[in-house]
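Analysis of the macromolecular model
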Amino acid sequence: MEDKPLHIVTGASGGIGQALTERLAKQGYRVLMACRNPEKSEPILTRIRKRSGNPEISLLPLDLGSLDSIARFAAELKARGQRIDVLLNNAGTMNGTFGLTADGFEQTVGVNCVGTAALTLALLPLMHPGSRIVNTLSCTYRIGRVDDRLLEPDPERYARFRAYGTSKLALLLFSLELRERVARQGIGVFAADPGIVDTNMITMHRRFDPIADLLFRPLIKTPEQGAETALQLACGKLPVSGNGLYWRNGKARRISDSVVNHPCRKHLWKQILQLTTRAIPETETYFRSLKY
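Source: prediction; values computed, not measured. (Residues numbered from 1 in each chain as written. Predicted model: local features only at pLDDT ≥ 70, side-chain atom pairs only at ≥ 80, totals over all residues. Heavy atoms only, no water.)

A closer look at the overall build of the protein chain
Keep this limit in mind: Working definition: helices are DSSP H or I runs of at least four residues, strands are E runs of at least two. Numbering for both runs from the N terminus. Contacts are assigned to residue pairs with any non-hydrogen atoms lying within 4.5 Å of each other. Using a 1.4 Å probe, the Shrake-Rupley method yields the accessible areas, and only the shown protein chains count as cover for residues.
On a plain count of helices and strands, the protein chain comes out with 10 helices and eight strands. Within the protein chain, contacts between residues separated by at least 24 positions form 76% of all contacts whose residues are at least 6 apart in sequence. Summing over all exposed atoms, the protein chain offers an accessible surface of approximately 13900 Å²; the carbon and sulfur share of this is 51%.

Shown next as structure tokens:
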């Protein structure tokens, strides 16, 4: 039995993920880095342990593009009897070209929404009253389009920024529904928008990248600045009350009624729950026990 509660950071080897992990480590928290590439992440783990003086930083493989990987990750934590204090769903992708996940979803939607949501559902039984879930959002959700065909890949209509915005709108809809369903369990659900951050995600892989880097990157946030709101939400340092779900620059932001009452919100929830319970059957038992 792992008695000391855990903070999990997905995508912990990326810019914001590293910043989140190191800041949590320096505050003395026990942190698990959930990363797709363990070999790439091991040197980062060693560096964060050294800088923070905190030996309780660990690493576990997780590929959000694979429901099997998510199931193995959750099974490992359940086998340890691990209690989870905070799940920071930081990992994300924005692909320049169309591609599919291991389960056949378009990669951006598959990782940013389906994988993140499935991981969250799988880990809920390990949470307790006071636990917090912090999902990474983006203002680009406003250009997203979610309909009944969201999970049906369409290479002919793929566009990088639209796919990213759609994935973030879908994650916001999931977050809204999840918050209502776990409220009685005392589990907090939040969404943090880091803004435009100096990470590899904003690289366009075009000939003008060097000029854009020279002119644009000095004006945007560092990973440490981008991590700040998510960190404050994770550590309970923001005055959370009422319906404050979506946060940017340390302040709660209003979500439009058209998003809150989106016609596909509950349909998307059912789709993701069905996908998760197929890969992790015990998830269905947990949700049947909820008083909602």
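A short note on the packing of aromatic side chains
Defined as follows: A pair of Phe, Tyr and Trp rings is counted when the ring centres sit within 6.5 Å of each other, with Trp represented by its six-membered ring. The angle between the planes then sorts it: under 30 degrees is stacked, over 60 is edge-to-face, the rest tilted. Each residue's exposure class comes from its accessible area (1.4 Å probe, protein chains only) as a fraction of the maximum for that residue type: buried when under 20%, exposed when over 50%, partly exposed otherwise. We call a charge positioned over a ring when the NZ of a Lys or the CZ of an Arg lies within 6 Å of the ring centre and within 35 degrees of the ring normal.
Within this structure, the stated rule accounts for five aromatic pairs. A centroid spacing of 5.9 Å and a plane angle of 75° characterise the contact between F98 and Y158, whose relative ring orientation is edge-to-face. Of this pair, F98 sits in the loop between β4 (84-89) and α4 (107-123) while Y158 sits in the loop between β5 (132-136) and α5 (160-182); the two residues are 60 residues apart in sequence, bridging distant segments of the chain. Exposure remark for F98: the relative accessible area of 29% places this residue in the partly exposed category. On the basis of an interplanar angle of 80° and a centroid distance of 5.6 Å, the ring pair of Y141 and Y246 is categorised as edge-to-face. With Y141 in the loop between β5 and α5 and Y246 in strand β7 (residues 246-248), this residue pair connects regions lying 105 residues apart in the sequence. Y246 carries the same exposure label as Y141, and that label is buried. Through a chain of ring-to-ring contacts, the aromatic side chains of F174, W269, Y286 and F287 assemble into a single cluster. Stacked on the ring of F161, the Lys or Arg R160 has its end atom at 5.8 Å from the ring centre.

What to know about the pairing of strand β6 (residues 188-193)
Which entries qualify depends on this criterion: The criterion for strand pairing is that DSSP finds at least two bridges linking the strands in question.
Counted residue by residue, β6 has six buried out of six residues, so it is predominantly covered. The alternating pattern of β6 places G188, F190 and A192 and V189, A191 and D193 on opposite faces, both of which are buried. Sheet analysis places β5 next to β6, joined by five bridges and oriented parallel. Paired with N135 across the bridge in β6 is A191.

Some thoughts on the confidence of the model for the protein chain
The condition that has to hold: The pLDDT score gives, residue by residue, the confidence of the prediction method on a 0 to 100 scale.
For the protein chain, per-residue confidence averages 90 on the pLDDT scale, and 90% of positions sit at 70 or higher. Across residues 201-205 the pLDDT falls below 50, and counting only partners more than four positions away or on other chains, this stretch makes 15 contacts in the model. Contacts from residues 211-217, a stretch scored under 50 in pLDDT, to residues over four places away or in other chains number eight contacts.

Section: the sheet that holds β6
Worth spelling out the cut-off: Orientation is described by lines fitted to C-alpha atoms, with helices fitted over the stretch in contact, and by angles between N-to-C directions that extend from 0 to 180 degrees.
Strand order in the open sheet made by the eight strands is β3-β2-β1-β4-β5-β6-β7-β8, with mixed pairing throughout. Taken across any chain shown, the strands that pair with only one partner, and hence form the sheet edges, are β3 (57-61) and β8 (251-253). The average angle at which neighbouring strand axes cross in this sheet is 25°, direction not considered. In terms of strand pairing, strand β1 (residues 6-10) meets strand β2 (residues 31-35) through four bridges, oriented parallel. Across the sheet, H7 pairs through a bridge with V31, a residue of β2. Relative to β3, helix α3 (residues 67-79) is tilted by about 135°, and along the sheet it contacts β1, β2, β3 and β4.

Regarding helix α1 (residues 15-26)
How we decide: Multiplying 1.5 Å by the residue count of a helix minus one yields the expected span of that helix.
Under the 1.5 Å per step criterion, the end-to-end length of α1 is 17 Å for 12 residues, consistent within 8% with the ideal 16 Å. Buried within α1 are the following residues: I16, G17, A19, L20, T21, E22, L24 and A25. At its buried positions, α1 is contacted by β1, β2, α2 (38-52), β3, β4 and α7 (223-234).

A few points about the environment of L45
Within the secondary structure layout, L45 lies in helix α2. Taking C-alpha positions, L45 is 7.2 Å from S58, a pair spaced 13 residues apart along the chain. Beyond its immediate sequence surroundings of up to four residues, L45 is in contact with M33, I57, S58 and L59.

Description of the packing of α4 against helix α9 (residues 265-279)
Going by this rule: Orientation is classified from the angle alone, with under 35 degrees giving roughly parallel, over 145 giving roughly antiparallel, 65 to 115 giving roughly perpendicular, and any other angle giving oblique. Handedness of a helix crossing follows the sense of rotation of the near helix relative to the far helix, less than a right angle counterclockwise being left-handed and clockwise being right-handed. Only Asp, Glu, Lys and Arg are considered charged in this grouping, and only Ala, Val, Leu, Ile, Met, Phe, Trp, Tyr, Cys and Pro are considered nonpolar; every other residue, Gly among them, is considered polar.
Across the interface, α4 lies against α9 with an axial gap of 9 Å and an inter-helix angle of 65°. Put simply, α4 runs roughly perpendicular to α9. Handedness of the α4/α9 crossing: right-handed. In this structure, α4 contributes C113, V114, A117, A118, L121 and A122 to the contact, and α9 contributes W269, I272, L273, L275 and T276. By residue class, the composition of the contact of α4 with α9 is 10 nonpolar, one polar and no charged.

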